[in-house]
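Remarks on the overall topology
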Amino acid sequence: MRRFFTAKRRMERAGAKLYTWIMCGMLSMLLLSCSVSYRFNGASIDYTTTKTIQIDEFPIRSSYVWGPMAAIFNNKLKDIYATGTQLEQVKRNGDLVIEGEITQYQQRNKGVSSEGHSSQIELSITVNVRFTNNVNHTQDFEKQFTASSYYESSQNLNSVQEDLVNEMVKNITEQIFNATVANW
């Protein structure tokens, strides 16, 4: 009788394992058959009506200039749309058009030390953007986007400028991307 109950328990355990494997297999098949189209970059574009984007070069119109900034900004802006959307970038007549200029690049004292000297400096970039949605003109806008970064006054701007500009450009291009195609 004892052998009977031991054998029965083994069969129950084997049945439970088999049931678990079958359920896991069915769940896997269910998940694989579903298609979820959520993108983590947040782009919400109807690709049936919107196929192209025109991104014009943004010139520097600021009185204070760092030469490489325009190229860094223009390349990063084009890259974020190339990697974050399926839109084809065109030179003219895009379904979406992004144009504008870098209007401000400035630094100002932000913190003061106990001796009364500047301890921290804020570096900021402001970009004016004109966005035209030729598919849906209700989404058109003109808006300014700004990003700031800080560095210690004991540091030389030339030694930190490239890293700070790259950080601010990344921030601004993400703001522009979200305002134009992410509907945030």
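These notes cover the structure that comes with them. Computed from a predicted model, the values in this text were never measured in an experiment.

**Some details on unusual backbone geometry**
The phi torsion at Asn93 lies on the positive side, around 60°, for a residue other than glycine. Its place among the elements puts Asn93 in the loop between strand 2 (88-90) and strand 3 (96-112).

**Describing the environment of Gln175**
One can find Gln175 in helix 3 (residues 157-180). On the basis of relative accessible area, Gln175 is assigned to the partly exposed category, the value being 26%. On a C-alpha basis, the gap between Gln175 and Thr146 in space is 8.9 Å, while along the polypeptide they are 29 residues apart.

**Focus: the pattern of salt bridges**
Under the definition given, this model contains five salt bridges. We note a salt bridge from Lys78 to Glu57, for which the minimum N-O separation is 2.4 Å. One end of the pair, Lys78, is in helix 2 (residues 69-84); the other, Glu57, is in the loop between strand 1 (52-55) and helix 2, with 21 residues separating them in the sequence. A relative accessible area of 22% means that Lys78 is categorised as partly exposed. Put simply, Lys170 and Glu174 hold a salt bridge, and the shortest N to O gap is 2.7 Å.

Calculation notes
- Residues numbered from 1 in each chain as written.
- Predicted model: local features only at pLDDT ≥ 70, side-chain atom pairs only at ≥ 80, totals over all residues.
- Heavy atoms only, no water.
- Helix = DSSP H or I, 4+ residues; strand = E, 2+ residues; numbered from the N terminus.
- Buried < 20%, exposed > 50% of the residue type's maximum accessible area, 1.4 Å probe, protein only.
- Salt bridge = Lys/Arg side-chain N within 4 Å of Asp/Glu carboxyl O.

Read these as geometric descriptors, not functional statements.
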